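# Observations on the three-dimensional arrangement
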Amino acid sequence: MSLTLALSKGKLLPGSEALFRRAGLAFPESGGRRLVVEIADLRFLFVKDMDVPTYVEYGVADCGIAGRDVLLESGSDVYEPLDLCFGRCRLVVARPRTATGDLRSASAIRVATKYPRVAAAYFLARGISAEVVRLSGSVELAPGLGLADCIVDVVETGRTLEANDLEAVEEVASSSARLIVNRASYHARRQELRGLVDRLRGASP
Amino acid sequence: MNGPVERLLHVPPGVQCFVGEEARRRRRIEERVVQVFEGWDYEEIIPPLYDYADVFGGAALEARTYSFVGRDGSLLALRPDFTSLVAKIAAGRLAVRPAPIRLYYSGEVLRYEPPKAGRQSELFQMGLEHLGGDRAAADVEVLAIAAECLDGLGVRDWVLALGHVGVFNALVSGCRLDTPRLDALRERVEAKDAAGAREVLVSSSTPPEIAEAVARLSTLAGDLRLLGKARAALAVSEAAVASLEELSQVAEALGSAGLSERLVLDLAEVRGLDYYTGLVFRVYAPGLGFEVGGGGRYDTLLGRFGRPMPAVGFMLGLDRVALLLERQGPPPEAPPPAAEATSGPDLGVALRRTRERRALGVRVRFGNGGER
């Protein structure tokens, strides 16, 4: 039985492909529409980045590549043996540049985010009651339109924030791509996994 | 979703209903496991379905316990776990019985579980507890029984991942970490994320050599050959090495008994019910993304009930075993022979003939001939 690998077809895809090429491992041709591709004893599943931890946690995939941000949000019970050191970004609290007053002294705030679990836990730990508005994208719009006081979102360069008159005020977590491994596969298929993990480790900075 | 019709026709999320072939398969599994338990001279215990909530007072389970107020005002809880109940009964009802006491159970426990991989609110557990007696002997006995169960069930390529909570506890005992940070550290070590573990410790007063040992601990999972590497990596803590020696003694005995191929080391196995004090292990097999069962040593639990003695236990989840065997595609069992239709125009005659066939052990389907 070949190993199954869950990969994001989103923003981590180019970095994953580059990593595999550096490691001398075959990688499916990009631009294909097939969501399951089998080459050289590896079965690749291409799924939404938020779903990668789910496929791995349930054991449908033996391993996968997911951002730390996504892992924090999913709370999935998977092993994370390797920081692959690409796809670096920060999860931040951002709000309009024009906003005044201390975020921490507000009695209640409304937060728009794609990361409701992370956002809720972050504000709870700081004793701020936050109403979390869950969005699936274009989160940066929310404060300007009055949907939320601030957002919790990932930032790479900060340009999107800037273009929407937002500024990062607090860092929630830093993130990078991780190799994640199913708990049972890690032990029960360790011989097969070891080759793959070693090559990926060797190809990571 | 929850209208009156749905409530009458469907079972709520978290519980299941098994019919016919499915139920039969589960019974077979249970019978096989129980046979092994009996074969190692364990006695069955059928504990109550609920007890005083205090009995299950471990922090790990409290939040997941279904509790309710009894008629007399006492707080009761549906059993979320068998181990506490068995410990209580061993310390109370069986107080005069000399150790070691060997008991097994097979039945449901109930826990609030978020709907997730392989989790139900109603879980069927088959397990045993070895109370008192020599610790090393009890550990190897329990692991050997687990092995025999798995082979007897026809599970393929299973492994026992062995760890020892004493290793991690010894390393962090000198770190003076507050609870949130300790939880964060445990979570990172369990995730086998060495860099993450280092990050948690970086701003604490943990001595650098201990921080490094904790980070290395998170990578000490794999073949038993890692034991040598582990000794070197953990040399900073005498207590950690002592726990490791305990573990290698157990692994060695199992290896001599022909089980070395089935054993893997997992020193990053640091989570779980907070009553474990020594050896911990989990059973994994390809085809199921999570453990099939597991167990460990809990030397302080019996003291809570007034009869301090060391103890070790293990359990298999019936639901998980059933799912695993289905995924691994076991050889199909022969279906039971078709029933013999026994009917006739005269009800009395037909019934007499049917009873005669039954006395011979024949499977019958009695009826008036109108059904198929």
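As the structure is a prediction and not an experimental result, all values here were calculated from the model.

## Thoughts on the overall build of chain B
- When its secondary structure is counted, chain B shows 14 helices and 14 strands.
- Its C-alpha atoms give chain B principal-axis dimensions of roughly 90 × 55 × 50 Å.
- Looking at chain B as a whole, 48% of its 372 residues qualify as buried.
- Residue pairs at least 24 apart in sequence account for 69% of intrachain contacts in chain B once pairs closer than 6 positions are excluded.
- A total of about 18500 Å² of accessible surface is found on chain B, and carbon and sulfur atoms cover 54% of it.
- Distance between charge centroids for chain B: 5 Å, based on 45 positive and 50 negative side chains.

## Re the sheet that holds strand E11 (residues 177-181) of chain A
Residues and elements named next belong to chain A.
- In space, the six strands of this open sheet follow the order E2-E3-E1-E4-E11-E5, with mixed pairing throughout. Two strands lie at the open edges of the sheet, namely strand E2 (36-39) and strand E5 (79-83), each paired on one side alone. Direction aside, neighbouring strands of the sheet carry axes that sit 25° apart on average.

## A closer look at helix H4 (residues 116-125) of chain A
Residue and element names in this part refer to chain A.
- For H4, the complete set of buried residues consists of Pro116, Val118, Ala119, Tyr122 and Phe123. Each buried residue of H4 lies within a common arc of 165° when the element is viewed along its axis, so the set occupies one face. Facing away from the buried side of H4, by more than 90 degrees, are the exposed residues Leu124 and Ala125.

## Considerations on the packing of helix H8 (residues 194-202) of chain B against helix H9 (residues 208-217) of chain B
Residue and element names in this part refer to chain B.
- Interhelical geometry of H8 versus H9 gives an angle of 150° and a closest axis separation of 8 Å. Classified by the angle their axes make, H8 and H9 are roughly antiparallel. Crossing of H8 over H9 shows right-handed handedness. Contact with H8, carried on its side by Ala194, Ala197, Arg198 and Leu201, involves Ala211, Glu212, Val214 and Ala215 of H9 and no other residues of that element.
- A breakdown of the residues in the contact of H8 with H9 according to their chemical character gives six nonpolar, no polar and two charged.

Quick notes on the rules
- Residues numbered from 1 in each chain as written.
- Chains lettered and ligands numbered in written order.
- Predicted model: local features only at pLDDT ≥ 70, side-chain atom pairs only at ≥ 80, totals over all residues.
- Heavy atoms only, no water.
- Helix = DSSP H or I, 4+ residues; strand = E, 2+ residues; numbered from the N terminus.
- Buried < 20%, exposed > 50% of the residue type's maximum accessible area, 1.4 Å probe, protein only.
- Contact = heavy atoms within 4.5 Å.
- Areas by Shrake-Rupley, 256 points an atom, 1.4 Å probe, with all protein chains shown as cover.
- Lys, Arg positive; Asp, Glu negative; His and termini not counted.
- Charge placed at Lys NZ, Arg CZ, Asp CG, Glu CD.
- Pairing = 2+ DSSP bridges.
- Axes fitted to C-alpha atoms, helices over the stretch in contact; angles between N-to-C directions.
- Arc of directions from axis to C-beta.
- Parallel < 35°, antiparallel > 145°, perpendicular 65-115°, else oblique.
- Left-handed = near helix turned anticlockwise from the far one by under 90°.
- Nonpolar A, V, L, I, M, F, W, Y, C, P; charged D, E, K, R; others polar.

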